Amino acid sequence: GREESFGTRHPLVLLFAASTAATLPAEAWAEAMSWLRHASRPFGPQARVMLVLVGRPRAMKEQQEHCAAIALKLVKLGVGTVEVVDADHAAQYVVQCASSVAECRRRRVPSRFKVAGVRCQTLPKDAEDKLRLTWVSQLMQLAGVSEEIAKVVAERHPTPSALMQAVARAAAGAGSDAAGAAEAFLADLEYPIRGKKGTRRLGPIVSRRLFALFHAATPPE
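What this report covers is the structure whose coordinates are included nearby. None of the values given here were measured: they were computed from a predicted structure.

### Concerning the pattern of salt bridges
Reasoning step 1: Per the counting criterion, the structure on display carries two salt bridges.
Reasoning step 2: Two residues, Arg208 and Glu183, come together in a salt bridge whose shortest N-O distance is 3.2 Å. Taken as a pair, Arg208 in helix 8 (residues 204-213) and Glu183 in helix 7 (residues 178-184) lie far apart in primary sequence, 25 residues in all.
Reasoning step 3: In this structure Arg208 comes out as buried when scored by relative accessible area, which is 10%.

Next up, the structure:
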């Protein structure tokens, strides 16, 4: 809990668990997160929690449920996840984290630790909807997603959870044709062309990338 000595914004808490723990009920994880972030704990309510899952890669038939559980923890509980194969690999990750924090204090901007990603520049800050700007900026990190595209996607699906649910419904309705569902998901969504009058369709390629981000079973491009 001594984040001040490293200059980090929040204390980082690493939780180690077997890879099978990823699919435990969300209620169990929510209770654990509440306990960790309770004011009486040494970490405090602003603790950033990273779940380190230890275990060999899962079979392909189990991978979809595993990835969905990880995504759910990130979206609903704010818990990041790292997967390692064994105890030695986990130890290497911890050393890498500590070394990166120490090096970050010495390196000047710009560095590989402090370079900010692309972000939305045109939306006004809204005190009643602070997360919209963050959500649009997050979408812009995906290759091919411009600010204009990110904004129209966010209008249709205003939160990561809403987009995840829409992807799940589309995948369920597509049956075995996951690739076709991915390409058609947002292909007809129109976005304005910057500096010009008129609109352009999103198209199947970017639609597939957005779909695949929230659906682990989508076949690779």
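### Structural notes on the sheet that holds strand 1 (residues 12-18)
Backbone-to-backbone hydrogen bonds pair the strands of a sheet. The strands run either parallel or antiparallel.
Reasoning step 1: With respect to topology, three strands assemble into an open sheet ordered 1-2-3, the strand pairing being parallel. The two strands at the open ends of the sheet, each matched to only one other strand, are strand 1 and strand 3 (80-84). Each adjacent strand pair in this sheet contributes to an overall mean axis angle of 25°, direction not counted.
Reasoning step 2: As defined by bridge partners, strand 1 adjoins strand 2 (residues 48-54) across seven bridges and the pair is classed as parallel. Note on strand 2: the bridge partner recorded for Ala18 is Val54.
Reasoning step 3: Sheet contacts for helix 1 (residues 26-36): strand 1 and strand 2; angle to strand 1, the most-contacted strand, approximately 145°.

Criteria and thresholds
Residues numbered from 1 in each chain as written. Predicted model: local features only at pLDDT ≥ 70, side-chain atom pairs only at ≥ 80, totals over all residues. Heavy atoms only, no water. Salt bridge = Lys/Arg side-chain N within 4 Å of Asp/Glu carboxyl O. Helix = DSSP H or I, 4+ residues; strand = E, 2+ residues; numbered from the N terminus. Buried < 20%, exposed > 50% of the residue type's maximum accessible area, 1.4 Å probe, protein only. Pairing = 2+ DSSP bridges. Axes fitted to C-alpha atoms, helices over the stretch in contact; angles between N-to-C directions. Contact = heavy atoms within 4.5 Å.

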